[in-house]
Amino acid sequence: MKKEIDWANLGFGYVKTDKRFVSNFKDGKWDEGVMTSDDMVSISECAGVLQYAQTCFEGAKAYTQKDGSVVCFRPDLNAKRMEDSAAYLEMPVFPKERFLEALIETVKENIDYVPPYGSGASLYIRPYMFGTNAVIGVKPADEYQFRIFVTPVGPYFKEGAKPIIIRVSDLDRAAPHGTGHIKAGLNYAMSLHAIVDAHSQGFEENMYLDAATRTKVEETGGANFIFVTKDNKIVTPKSSSILPSITRRSIMYVAKEYLGLEVEEREVFFDEVPTFAECGLCGTAAVISPVGIINDHGKEIKFPSGMEEMGPITKKLYDTLVGIQQGTIEAPEGWIYKIK
Ligand SMILES: *Cc1c(COP(=O)(O)O)cnc(C)c1O
């Protein structure tokens, strides 16, 4: 029986569900893992995660398609990305195949929390891993916990996808040879000051530039950029300090293979941003969030698509990708994982 939840008015907050998956790494190996109703974590006061932020995470979604199937979008890429994040933080890798199995099982165990088709809501899936044993000298932990919990989240756009205003940040998100390309909690901790400040100034997001030269576009705190040129080419910034968004990679594929558009992943200089026709932010949460204005220290870059609605190409990309996710447009092989 579906839970009694007002799906359409659900926000993006934590709602405790029935079950979560937990596996522990000790003596050099992962245990078989369990599904538990215990939502509390008990670890050493000196745990590696608490002292030196040794933790990484993932974000995916399960949702109901038109025919009633419950599915997940490309979770194999989340599994692979988490392997990369863990390895870079000197954490043991939780194997891809086990990650996928655990993710599917966790959704199944909480199937009554998967919002119905058409509600716009979805079940957010949060896999994460952290160092659990006491670490006081700076070094990787020896013991880790891998968990997956799920939480129902409401529609990202409650009143249609209205373009947002963002600003160019004076602070940096990631260093050239740092951790920008992995999904580490630490990248978010250091972005909190910038985002709170942006919000207090009336901006929804920060556009980060490359830390070394401050001339190239990187991404926002939690979404990659796509731009549309005046002749309908899709451009996305290329940099080794950008988090490889699954949504962005999917959009680039859809643009080329479904819509026949030219696509370019390359360095994007901030100077050329005013020449673009449309701009969007992509990530699992919103799929694409249209940007209407970028504020560069008081100087506004206004995209021709305006502040009323998504630009026409952005809208096509959005509708096609959402159609693929919802099962109304045929998906490329292997993109949709059927859970139930
Ligand atoms: C998670 C994340 C994204 C979006 O990635 P998706 O896989 O599309 O959800 C973009 N940028 C950053 C910094 C992120 O952490």
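Look a little higher up for the structure.
As the structure is a prediction and not an experimental result, all values here were calculated from the model.

Draft legend 1. Focus on the side chain of Thr 17. As for its position among the elements, Thr 17 is in the segment before strand S1 (20-26). Overall, Thr 17 belongs to the buried group, its relative accessible area being 4%. Within the structure, Thr 17 has its side chain in polar contact with the side chain of Asn 110 (distance 3.0 Å). Every residue in contact with Thr 17, bar those within four places of it in the chain, is listed here: Asn 110, Tyr 113, Val 150, Thr 151 and Pro 152.

Draft legend 2. Layout of the site of the ligand. The local shell around the ligand holds 15 residues, among which Lys 183, Tyr 188, Ser 245, Thr 247 and Thr 284 are the closest. A distance of 2.6 Å separates an oxygen atom of the ligand from a polar atom in the side chain of Ser 245. Interatomic distance of 2.6 Å between a side-chain N/O atom of Thr 284 and an oxygen atom of the ligand. Within the complex, the protein chains bury 96% of what would otherwise be the 380 Å² of accessible surface of the ligand. Each residue belonging to the shell around the ligand can be placed in one class, and the counts come to four nonpolar, seven polar and four charged.

Draft legend 3. Spotlight on the packing of helix H2 (residues 75-88) against helix H3 (residues 96-109). The N-to-C vectors of H2 and H3 enclose an angle of 130 degrees; their axes lie 9 Å apart at closest approach. Taken together, the axes of H2 and H3 are oblique relative to one another. As H2 packs across H3, the resulting crossing turns out to be right-handed. Taking contact as the criterion, the partners of Pro 75, Asp 76, Asn 78, Ala 79, Lys 80, Met 82 and Glu 83 in H2 are, on H3, Lys 96, Phe 99, Leu 100 and Leu 103. When its residues are assigned to classes, the contact of H2 with H3 shows six nonpolar, one polar and four charged.

Draft legend 4. Representation of the pairing of strand S9 (residues 164-168) within the structure. The element S9 is largely enclosed, with a buried count of four among its five residues. Direction of pairing for S9 relative to strand S15 (residues 287-296): parallel, over a ladder of four bridges. The partner of Ile 164 across the bridge, within S15, is Val 291. Judged from the three bridges that link them, S9 and strand S10 (residues 205-207) form a sheet pairing that is parallel.

Draft legend 5. Main features of the nonpolar core. In this structure, Val 107, Ile 125, Met 129 and Phe 146 are the most contacted members of the largest nonpolar core, which totals 35 residues. Mapped by element, the contributors of at least two residues to this core are S1, strand S5 (60-64), strand S6 (70-73), H2, H3, strand S7 (122-131) and strand S8 (144-153). Examining the composition of this core, we find that six residues originate from one element, H3, more than from any other. In this structure Val 107 touches Ala 62, Val 70, Val 114, Leu 123, Ile 125, Val 150 and Ile 339, once residues within four positions along its chain are discounted. Counting residues in each nonpolar core, the second largest holds 23 residues, with Phe 157, Met 310, Ile 313 and Leu 321 among its members.

Draft legend 6. Local environment of unusual backbone geometry. In this model, Glu 90 sits at a positive phi of 60 degrees, which is unusual for a non-glycine residue. Here Glu 90 lies in the loop between H2 and H3.

Draft legend 7. A look at the packing of helix H6 (residues 246-257) against helix H7 (residues 312-326). Where H6 contacts H7, the two axes come as close as 10 Å, and the packing angle between them is 105 degrees. With respect to H7, the element H6 is oriented roughly perpendicular. Residues Thr 247, Ser 250, Ile 251, Val 254 and Ala 255 of H6 pack against Leu 317, Thr 320, Leu 321 and Ile 324 of H7. For the contact of H6 with H7, the class distribution of residues is six nonpolar, three polar and no charged.

Draft legend 8. How the structure looks around the packing of aromatic side chains. A complete count under the given rule lists 17 aromatic pairs for this structure. A centroid spacing of 5.0 Å and a plane angle of 85 degrees characterise the contact between Trp 30 and Phe 94, whose relative ring orientation is edge-to-face. Note that Trp 30 is positioned in strand S2 (residues 29-30) and Phe 94 in the loop between H2 and H3, a separation of 64 residues in sequence. Assessed through its relative accessible area of 14%, Trp 30 is described here as buried. Aromatic rings pair up to connect Phe 21, Phe 25, Trp 30, Phe 94, Phe 99, Tyr 144 and Phe 146 into one cluster.

Parameters and conventions
Residues numbered from 1 in each chain as written. Predicted model: local features only at pLDDT ≥ 70, side-chain atom pairs only at ≥ 80, totals over all residues. Heavy atoms only, no water. Helix = DSSP H or I, 4+ residues; strand = E, 2+ residues; numbered from the N terminus. Buried < 20%, exposed > 50% of the residue type's maximum accessible area, 1.4 Å probe, protein only. Polar contact = N/O pair within 3.5 Å; in protein donor to acceptor, adjacent residues only side chain to side chain. Contact = heavy atoms within 4.5 Å. Near = heavy atom within 4 Å. Areas by Shrake-Rupley, 256 points an atom, 1.4 Å probe, with all protein chains shown as cover. Nonpolar A, V, L, I, M, F, W, Y, C, P; charged D, E, K, R; others polar. Axes fitted to C-alpha atoms, helices over the stretch in contact; angles between N-to-C directions. Parallel < 35°, antiparallel > 145°, perpendicular 65-115°, else oblique. Left-handed = near helix turned anticlockwise from the far one by under 90°. Pairing = 2+ DSSP bridges. Core = buried A, V, L, I, M, F, W, Y, C linked by side-chain atoms within 4.5 Å. Phe/Tyr/Trp six-rings, centres within 6.5 Å; stacked < 30°, edge-to-face > 60°.

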